[in-house]
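An overview of the molecular structure
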Amino acid sequence: MEQLQTQGIGLPRLGLGTFRMQGDTCRTAVESALALGYRHLDTAEMYGNEEAVGAAIAASKIARRDLHVTTKVWNENLAPDAIRRAFDTSLKKLRLDQLDLYLVHWPAPKMNLPAMFETLMKLKQEGRARAIGVANFNIALLKKVVEEIKAPIACNQVEYHVMLDQTPLRKYLAAKSIPLVAYCPLAQGRAASNETLMAIGKKHGASAAQVALKWLLDQDGVAAIPKASRAESQRANLEALNIGLDDEDRQAIAGLPKDQRYVNPGFAPAWD
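Residues numbered from 1 in each chain as written. Predicted model: local features only at pLDDT ≥ 70, side-chain atom pairs only at ≥ 80, totals over all residues. Heavy atoms only, no water.

**Looking at the confidence of the model for the protein**
Predicted confidence across the protein gives a mean pLDDT of 95, with 97% of residues reaching 70 or more. Across residues 267-272 the pLDDT falls below 50, and counting only partners more than four positions away or on other chains, this stretch makes 20 contacts in the model. (pLDDT = per-residue confidence, 0-100. Contact = heavy atoms within 4.5 Å.)

**Details of the pattern of salt bridges**
Two side chains bearing opposite charge may form a pair once their charged atoms approach each other closely. Counted under the stated rule, the structure contains 16 salt bridges. For Lys 72, the salt bridge identified is with Asp 42, shortest N-O distance 2.6 Å. With Lys 72 in strand β5 (residues 68-73) and Asp 42 in strand β4 (residues 40-42), this residue pair connects regions lying 30 residues apart in the sequence. Among the ionic pairs, Asp 88 bridges to Arg 128, the shortest N-O distance being 2.9 Å. Within this pair, whereas Asp 88 is found in helix α3 (residues 80-94), its partner Arg 128 is found in the loop between α4 (113-125) and β7 (132-135), the two being separated by 40 residues in sequence. (Salt bridge = Lys/Arg side-chain N within 4 Å of Asp/Glu carboxyl O. Helix = DSSP H or I, 4+ residues; strand = E, 2+ residues; numbered from the N terminus.)

**A look at α4**
The terminal C-alpha atoms of α4 lie 18 Å apart, and with 13 residues this matches the ideal 18 Å at 1.5 Å per residue to within 8%. Here α4 has its buried residues at Leu 113, Ala 115, Met 116, Phe 117, Thr 119, Leu 120, Met 121 and Leu 123. In this structure, the buried residues of α4 make contact with α3, β6 (101-104), β7, α5 (139-148) and β8 (153-159). The N-cap residue of α4 is Asn 112: its side-chain oxygen and the backbone nitrogen of Ala 115 are 3.1 Å apart. Remark: Gly 127 follows α4 within two positions and exhibits a positive phi of approximately 80°. (Expected span 1.5 Å × (residues − 1). Buried < 20%, exposed > 50% of the residue type's maximum accessible area, 1.4 Å probe, protein only. Polar contact = N/O pair within 3.5 Å; in protein donor to acceptor, adjacent residues only side chain to side chain.)

**Examining the sheet that holds strand β9 (residues 180-183)**
Pairing is parallel in the open sheet, where 8 strands are placed in the order β3-β4-β5-β6-β7-β8-β9-β10. Looking at the sheet topology across the chains shown, the edges are occupied by β3 (16-17) and β10 (222-224). Across the sheet, α3 lies against β5 and β6, angled at about 140° from β5, the strand it touches most. (Pairing = 2+ DSSP bridges. Axes fitted to C-alpha atoms, helices over the stretch in contact; angles between N-to-C directions.)

**Comments concerning the layout of surface pockets**
To find leftover empty space, a probe the size of one water molecule is rolled over the atoms. The computed volume of the largest pocket comes to approximately 680 Å³. Mapped onto the lining of the largest pocket, the elements with two or more residues apiece are α8 (208-217) and α9 (231-239). When residues in the lining of the largest pocket are grouped by element, the largest group, 3 residues, is from α9. The residue makeup of the lining of the largest pocket, split by class, is 18 nonpolar, 11 polar and 4 charged. (1 Å grid on protein atoms, 1.4 Å probe; cavity = no way out; pocket = protein on both sides within 12 Å on 5 of 7 lines; lining within 4 Å. Points joined across faces, edges and corners; volume = space filled by probe spheres on them. Nonpolar A, V, L, I, M, F, W, Y, C, P; charged D, E, K, R; others polar.)

**Re the side chain of Thr 18**
Positionally, Thr 18 belongs in the loop between β3 and α1 (23-36). Looking at Thr 18, the relative accessible area reads 1%, which means it is buried. Those residues in contact with Thr 18 that sit more than four places away from it in its chain are Cys 26, Val 30, Asp 42, Thr 43, Tyr 47, Asn 49 and Val 53.

**Here we look at the nonpolar core**
Counting 79 residues, the largest nonpolar core has Tyr 102, Val 104, Phe 117, Phe 137 and Leu 197 as its most contacted members. If sequence neighbours within four positions are ignored, Tyr 102 has contacts with Thr 71, Lys 72, Val 73, Ile 83, Ala 86, Phe 87, Leu 120, Leu 123, Ala 129, Ala 131, Ile 132 and Gly 133. Formed by 16 residues, the second largest nonpolar core is a distinct cluster that contains Ile 9, Trp 106, Ala 135 and Val 181. (Core = buried A, V, L, I, M, F, W, Y, C linked by side-chain atoms within 4.5 Å.)

**Some details on the packing of helix α7 (residues 195-204) against α8**
At a closest axis distance of 7 Å, the pairing of α7 and α8 adopts a crossing angle of 90°. Here α7 is positioned roughly perpendicular relative to α8, judged by the angle of their axes. Listed contacts from α8 to Leu 197, Met 198, Ile 200 and Gly 201 of α7 are Ala 208, Val 211 and Ala 212. Of the residues assigned to the contact of α7 with α8, the class counts are 6 nonpolar, 1 polar and no charged. (Parallel < 35°, antiparallel > 145°, perpendicular 65-115°, else oblique.)

**Side note on the side chain of Thr 71**
Its location among the elements puts Thr 71 in strand β5. Within the structure, the side chain of Thr 71 is placed 3.4 Å from the backbone nitrogen of Ala 44, a separation counted as a polar contact. If we skip the residues at most four places from it in the chain, Thr 71 touches Thr 43, Ala 44, Glu 45, Glu 50, Ser 90, Leu 94, Leu 99, Leu 101, Tyr 102 and Leu 103.

**Re the pairing of β5**
Counting buried positions along β5 gives 6 out of 6 residues, so the element sits mostly inside the fold. As defined by bridge partners, β4 adjoins β5 across 3 bridges and the pair is classed as parallel. Paired with Asp 42 across the two strands is Thr 70, which belongs to β5. What joins β4 to β5 is helix α2 (residues 50-60), and the crossover it makes is right-handed. Looking at chain direction, β5 and β6 are connected through 4 bridges and run parallel. Paired with Val 73 across the two strands is Val 104, which belongs to β6. (Right-handed = clockwise from strand over helix to strand, strands pointing away.)

See below:
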């Protein structure tokens, strides 16, 4: 699978998101995805499933160098000491000696950005995290992190799908050679029943969800991490890579509403 090269790591363009997967359900889903060929797994301290993900990785016997694992520190643990404790806990639960990518999950009010990123950069310098990054950061915050603090950000993970425009953010990230990792890439399932996407899918012998996913993955510098607990859905997402969308398809997708945001916990600073 094609990878995005960023800050010394290769990020597979399509990964498995694990939000709201727990226990045996999560472990089974991750084992299934790995068996199908997925090599990019995304979890988080807040998801409460790192142990299940770690168990699935251990059972897979896949060489560590062939696997990309991302986890995230929750926004209540952004003080330097708390970041280190959270990192150590995540690493232990995942049964790993090193993380491929460690993200700040959400920005928090009154966070000390220089202190946070000094800690994260030390984790990278120590070789415990191969790369560091952020999630849910707007352009104003990114400018502080990238231009003032000079942190080596490997990605910004944000909600992005056919019904949400992220053009200003994408342009900024592209100018800094930072990939965008799209979560909720299927608009929390809403893409699957969209009539425009269904019509495009019919033309290509594909589902509406596959069309939505391929639209994202056709964009430079964009990766996607759809959550999929069933093997059939995981396989369908992989098969989306084979669809060839044309200009007419992209024009139809451009006509969809682009102001539909489905994830906002309320505590994050307002978006630009």
